[in-house]
Amino acid sequence: MSRTVYVNGEYLPEEEAKVSIFDRGFLMSDAVYEVTSVLGGKLIDFAGHAARLARSLGELDMASPCSDEELLAIHRELVTRNGITDGMIYLQVTRGNPGDRDFAFPPASVKPTLVLFTQSKPGMADSPMAKVGMKVISIEDIRWGRRDIKTVQLLYPSMGKMMAKKAGADDAWLVEDGYVTEGTSNNAYIVKGNKVITRDLSDDILHGITRAAVLRFAREAQMEVEERAFTIDEAKAADEAFITSASTFVMPVVEMDGTAIGTGKPGPVAARLREIYLDEMRKAAI
Ligand code: PDD
C-alpha cells in the first residue's frame with residue numbers, strides 16, 4: 001500500500017510527491033535531516049530531535065521551515081495516516097529551490113523544502129540482532145569536519161556499510177588519527193568493568209540523541225561514564241561494545257575486525273542499557 005508522505009505543506013500519496021531538480025538538497029547535499037523512532041504509535045524523544053534540527057539549521061544559516069509545534073503535528077499526522085505502530089519518521093529540510101544551480105546560497109525569499117515520510121518496522125524493539133550482536137569492521141574516517149551537523153552527505157557512510165557487507169560484517173566503525181569517532185550511522189561505545197566509554201562531544205561526531213539519553217540512564221544506574229576517544233585495540237580488548245541510534249536503540253557489538261569482543265556474545269551492560277532505554281523512552285513517548 002502506498003504511503004502518505006508530507007511535502008511542503010501537503011499530505012500526498014508517495015507517487016505524487018515531487019521535489020524540483022534544482023532543489024539544493026539534490027544538487028548540493030545542502031540539507032539536514034532527522035530520524036525519530038516510533039514505538040507503540042508514539043514518538044521517542046521528539047524534543048531532542050527537534051532541538052538538534054534547530055541547531056543543524058542554525059549552524060548552516062538555513063531557515064527553519066516551521067515551528068516545533070507544527071513539526072510535531074506533522075509527525076503525528078503521518079503516524080496516524082500511515083497506521084504506524086513501530087518504525088521511523090524521516091525528516092529532511094533543504095535550502096530550497098532557487099530555480100537554477102549556483103554555489104552561492106539563494107536569497108532568503110527562497111523557502112526551505114520540508115519533506116517527511118514514515119518507515120514501518122513492526123516489532124522494531126525486538127530486533128533479533130539484539131540477541132546475537134553485530135559484527136563491525138574498522139575503516140578510515142574520511143568524512144568532512146562538521147559531523148556534529150546532521151547533513152544528508154551520506155555517501156561515505158553508505159560506502160562504509162558496503163565495505164562492511166563485503167567483509168561479512170554488519171557495520172563499520174570510523175577511525176581518525178588512530179581513534180574511533182563513531183559508527184557509520186550510530187555512536188560507538190566500549191565497556192571495561194563498570195565503565196562505559198564513548199567519544200566526547202565535538203565537531204568530530206554527531207551528538208546522538210540516543211547517546212544523551214543512554215549516558216544519563218547509565219549514570220543513574222551507577223555505571224561510570226568516561227567520555228573520551230578510544231582505539232580499535234582498546235575495543236578489541238574491551239569486555240563489551242555497543243552502538244546507539246534512533247533506529248537501533250542500544251545494539252551490542254560482538255566482533256571487531258574478526259576478533260571477538262569479550263565473550264563474543266552480547267554483554268550484560270549493553271543488555272541492561274537497552275532494557276532501561278526502551279522502558280524509559282516508551283514511558284516518556286508522546
Ligand atoms: N543516524 N552518528 C551518526 C553518524 C548517525 O548518522 C547517527 C544517526 C547517530 C546516532 O544519532 P541518534 O541517536 O540521534 O539517532 C550517530 C540515523 C539513525 C540515520 O542516519 O538513519
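These numbers were taken from a predicted model, which means no experiment stands behind them.

Colleague: For this particular structure, what's the right way to read the site of the ligand?
Modeller: Close to the ligand lie 20 residues; Y33, R52, E182, T210 and A246 are nearest. Between the ligand and E182 there is a distance of 2.7 Å, counted from a nitrogen atom to a side-chain nitrogen or oxygen. The separation between an oxygen atom of the ligand and a polar main-chain atom of I209 is 2.8 Å. Notes on the ligand: free accessible area 480 Å², of which the protein chains cover 90%. Of all the secondary-structure elements, those providing two or more residues to the shell around the ligand are β3 (31–39), α2 (46–59), β9 (179–183), α6 (209–220) and β13 (240–245). Class assignment for the residues of the shell around the ligand results in 5 nonpolar, 11 polar and 4 charged. Formed jointly, the shell around the ligand draws a minimum of three residues from each of two domains, domain 1 (4–125) and domain 2 (129–284).

Colleague: So what exactly am I meant to see when it comes to the nonpolar core here?
Modeller: The nonpolar side chains of soluble globular proteins are, as a tendency, buried together. Ranked by internal contacts, the top residues of the largest apolar core, which has 31 residues, are V196, M223, F242, F249, V250, L273 and Y277. Elements with a contribution of two residues or more to this core: β3, β5 (87–94), β10 (187–192), α6, β14 (249–256) and α8 (268–284). Among the elements that make up this core, the one with the highest residue count is α8 (6 residues).

Colleague: Where do I start with the packing of α2 against helix α3 (residues 68–81) in this structure?
Modeller: The description of two helices packed together rests on the angle between their axes and the distance between the axes. Here α2 crosses α3 at 125 degrees, and the two axes come no closer than 11 Å. By the criterion of interaxial angle, the relationship of α2 to α3 is oblique. Along this stretch, α2 crosses α3, giving a crossing that reads as right-handed. Along its contact with α2, which presents F46, A50 and L53, the element α3 presents D68, L71, L72 and H75. A class-by-class count of the residues in the contact of α2 with α3 yields 5 nonpolar, 1 polar and 1 charged.

Colleague: In this structure, what is going on with a nonpolar patch on the surface? I would like to understand it.
Modeller: A cluster of nonpolar side chains, contributed by I21, F22, F26 and L27, occupies part of the molecular surface with about 400 Å² of accessible area. As for its placement among the helices and strands, I21 is situated in the loop between β2 (10–13) and α1 (24–28). Note on I21: relative accessible area 56%, which makes it exposed.

Colleague: Just to check I follow, could you spell out the side chain of D30 for this structure?
Modeller: Here D30 shows up in the loop between α1 and β3. At a separation of 2.6 Å, a polar atom in the side chain of D30 contacts the side chain of R95. Every residue in contact with D30, bar those within four places of it in the chain, is listed here: R24, G25, M62, V93, T94, R95 and F105.

Colleague: Is there a simple way to explain the environment of R228 in this structure?
Modeller: Considering the arrangement of structural elements, one finds R228 in the loop between β12 (224–227) and α7 (232–236). In the structure, R228 is positioned 27 residues away from L201 in sequence and 8.6 Å away in space, judged by C-alpha atoms. Ignoring any residue separated from it by four or fewer positions in sequence, one finds R228 in contact with I197, T198, R199, D200 and E234.

Colleague: It is not clear to me how the packing of aromatic side chains should be interpreted in this structure. Could you clarify?
Modeller: For any pair of aromatic rings, the description consists of the separation of the ring centres together with the inter-plane angle of the planes. Taken as a whole and assessed by the stated rule, the structure comprises 7 aromatic pairs. On the numbers, 5.2 Å between centres and 70 degrees between planes, the contact of Y6 with Y11 is edge-to-face. Y6 sits in the buried class, given a relative accessible area of 9%. The class for Y11 is partly exposed, based on a relative accessible area of 26%. An angle of 35 degrees between the planes, with centres 6.1 Å apart, marks the rings of F249 and Y277 as tilted. With a gap of 28 residues between them, F249 in strand β14 and Y277 in helix α8 connect regions that are remote in the sequence. Each member of the pair, F249 together with Y277, is buried.

Colleague: How do you make sense of the pattern of salt bridges when you look at a structure like this?
Modeller: When the charged atoms of two side chains with opposite charge come close together, those side chains can pair. Overall, the coordinates contain 21 salt bridges when judged by the stated rule. Here R146 and D203 are joined by a salt bridge, their closest N and O atoms 3.6 Å apart. Of this pair, R146 sits in the loop between β7 (134–140) and α5 (155–166) while D203 sits in the loop between β11 (195–198) and α6; the two residues are 57 residues apart in sequence, bridging distant segments of the chain. The exposure class assigned to R146 is partly exposed, which follows from its relative accessible area of 24%.

Calculation rules
Residues numbered from 1 in each chain as written. Predicted model: local features only at pLDDT ≥ 70, side-chain atom pairs only at ≥ 80, totals over all residues. Heavy atoms only, no water. Near = heavy atom within 4 Å. Polar contact = N/O pair within 3.5 Å; in protein donor to acceptor, adjacent residues only side chain to side chain. Areas by Shrake-Rupley, 256 points an atom, 1.4 Å probe, with all protein chains shown as cover. Helix = DSSP H or I, 4+ residues; strand = E, 2+ residues; numbered from the N terminus. Nonpolar A, V, L, I, M, F, W, Y, C, P; charged D, E, K, R; others polar. Domains from an automatic or database assignment. Core = buried A, V, L, I, M, F, W, Y, C linked by side-chain atoms within 4.5 Å. Buried < 20%, exposed > 50% of the residue type's maximum accessible area, 1.4 Å probe, protein only. Axes fitted to C-alpha atoms, helices over the stretch in contact; angles between N-to-C directions. Parallel < 35°, antiparallel > 145°, perpendicular 65-115°, else oblique. Left-handed = near helix turned anticlockwise from the far one by under 90°. Contact = heavy atoms within 4.5 Å. Patch = residues over 30% accessible without salt bridge, like charges linked within 9 Å, V, L, I, M, F, W, Y side chains within 5 Å. Salt bridge = Lys/Arg side-chain N within 4 Å of Asp/Glu carboxyl O. Phe/Tyr/Trp six-rings, centres within 6.5 Å; stacked < 30°, edge-to-face > 60°.

In short, the description is geometric, and any link to function would need to be established separately.
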